[in-house]
Amino acid sequence: MNNKKRLFSVEPTKLSPSEVFTRKYTSHLVPALKKLNMDKNPSPINQLTVKHEVDKALALSAQEFAWSGFLLQKLSSSNNPTTTTSSSSNGTRILEGACKEDEDGEIEEKLSELQKLLPGGEEMNVEEMLSEIGNYIKCLELQTIALKSIVQDTT
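Residues numbered from 1 in each chain as written. Predicted model: local features only at pLDDT ≥ 70, side-chain atom pairs only at ≥ 80, totals over all residues. Heavy atoms only, no water.

1. Some thoughts on the overall build of the protein
Part 1: Tallying secondary structure elements over the protein gives five helices and zero strands in all.
Part 2: Helices and strands in the protein line up, N terminus first, as α-α-α-α-α.
Part 3: A separation of at least 24 residues holds for 61% of the contacts in the protein among residues at least 6 apart in sequence.
Part 4: Of the roughly 11,400 Å² of accessible surface on the protein, 53% is carried by carbon and sulfur atoms. (Helix = DSSP H or I, 4+ residues; strand = E, 2+ residues; numbered from the N terminus. Contact = heavy atoms within 4.5 Å. Areas by Shrake-Rupley, 256 points an atom, 1.4 Å probe, with all protein chains shown as cover.)

2. Section: the pattern of salt bridges
Any two side chains of opposite charge can pair, on the condition that their charged atoms come close.
Part 1: According to the stated counting rule, one finds three salt bridges in the structure shown.
Part 2: Glu106 is paired through a salt bridge with Lys110; the nearest N and O atoms lie 3.9 Å apart. Of this pair, Glu106 and Lys110 both sit in helix α4 (residues 105-117), four residues apart, which is roughly one turn of that helix.
Part 3: Judged by relative accessible area, which is 53%, Glu106 ranks as exposed. (Salt bridge = Lys/Arg side-chain N within 4 Å of Asp/Glu carboxyl O. Buried < 20%, exposed > 50% of the residue type's maximum accessible area, 1.4 Å probe, protein only.)

3. What about the packing of helix α2 (residues 47-61) against helix α3 (residues 66-77)?
Part 1: Closest axis-to-axis distance for the α2/α3 pair is 8 Å, and the angle between their directions is 145 degrees. In the packing of α2 onto α3, the handedness of the crossing is left-handed. Contact residues: His52, Asp55, Lys56, Leu58, Ala59 and Leu60 in α2; Trp67, Ser68, Leu71, Leu72 and Leu75 in α3.
Part 2: Looking at side-chain class alone, the contact of α2 with α3 contains seven nonpolar, two polar and two charged residues. (Axes fitted to C-alpha atoms, helices over the stretch in contact; angles between N-to-C directions. Left-handed = near helix turned anticlockwise from the far one by under 90°. Nonpolar A, V, L, I, M, F, W, Y, C, P; charged D, E, K, R; others polar.)

4. What about α4?
Part 1: Along its 13 residues, α4 runs 19 Å from first to last C-alpha, staying within 8% of the 18 Å computed at 1.5 Å per residue.
Part 2: Tucked into the core, α4 has its buried residues touching α5 (126-154). (Expected span 1.5 Å × (residues − 1).)

5. A short note on α5
Part 1: Here α5 spans 42 Å end to end across 29 residues, near enough to the 42 Å set by a 1.5 Å rise per residue.
Part 2: Those residues of α5 that sit buried are Val126, Met129, Glu132, Ile133, Tyr136, Cys139, Leu142, Gln143 and Ala146.
Part 3: Residues of α5 that are buried make contact with α1 (17-38), α2, α3 and α4.
Part 4: One side-chain oxygen of the residue at the start of α5 lies 3.1 Å from the amide nitrogen of Glu127, identifying that residue as Asn125. (Polar contact = N/O pair within 3.5 Å; in protein donor to acceptor, adjacent residues only side chain to side chain.)

6. A short note on the nonpolar core
Part 1: The biggest cluster of nonpolar side chains holds 21 residues, and the ones touching the most others in it are Phe21, Tyr25, Leu58, Trp67, Leu118 and Cys139.
Part 2: If one sorts the elements of this core by residue count, α5 sits on top with six residues.
Part 3: Those residues in contact with Tyr25, other than ones at most four positions away along the chain, are Val54, Ala57, Leu58, Ser61, Gln143, Ala146 and Leu147. (Core = buried A, V, L, I, M, F, W, Y, C linked by side-chain atoms within 4.5 Å.)

7. Digging into the confidence of the model for the protein
Part 1: Summing up the model confidence of the protein, the mean pLDDT is 80 and the portion of residues at 70 or higher is 72%.
Part 2: α3 holds the highest mean pLDDT among the elements of the protein, 94, whereas α1 holds the lowest, 88.
Part 3: Low pLDDT, under 50, characterises residues 82-94; the stretch is placed with 20 contacts to residues that sit more than four places away or in other chains. (pLDDT = per-residue confidence, 0-100.)

8. Overview of the packing of α1 against α5
Part 1: One can describe the packing of α1 onto α5 by two numbers: an axis separation of 10 Å at closest approach and a directional angle of 55 degrees. On the basis of their axis angle, the class for α1 and α5 is oblique. Here α1 and α5 pass one another in a crossing that is right-handed. Within the contact between the two elements, α1 uses Ser18, Phe21, Thr22, Tyr25, Thr26, Leu29 and Val30 and α5 uses Lys138, Cys139, Leu142, Gln143, Ala146, Leu147 and Ile150.
Part 2: Residues that form the contact of α1 with α5 fall into these classes: nine nonpolar, four polar and one charged. (Parallel < 35°, antiparallel > 145°, perpendicular 65-115°, else oblique.)

Right, here's the structure in full:
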């Protein structure tokens, strides 16, 4: 009979949503960056190529949010990650009927700015956009922490 005691729990460790996101993010980003680094292409790695991979890892790590689908769509539509794309929508869909008085003009302007910042924001109603923007900001904060950690580990 084995007299050794078990050193681990039978219960799986519960990870916080932040930890889950960070693990997913690094599992997407690190292999992509290694692949870029190992390519035999004589040209140096372009900043926009790295940004493309960073954005792609962010979107793949947060697929439960609507903004990530829009970001993936934007990234896949730009065949060449060394070029930038910009949104050309006028952003009026979300704001129709949202603000009617002159004093609400400032709110309308701020909502319009939020639309432009959130991937797919111009195609969402106000409630959807405000819900998604909170998740987007949290994911950006977690992305910043993960990237700082990667940089610290390599220096």
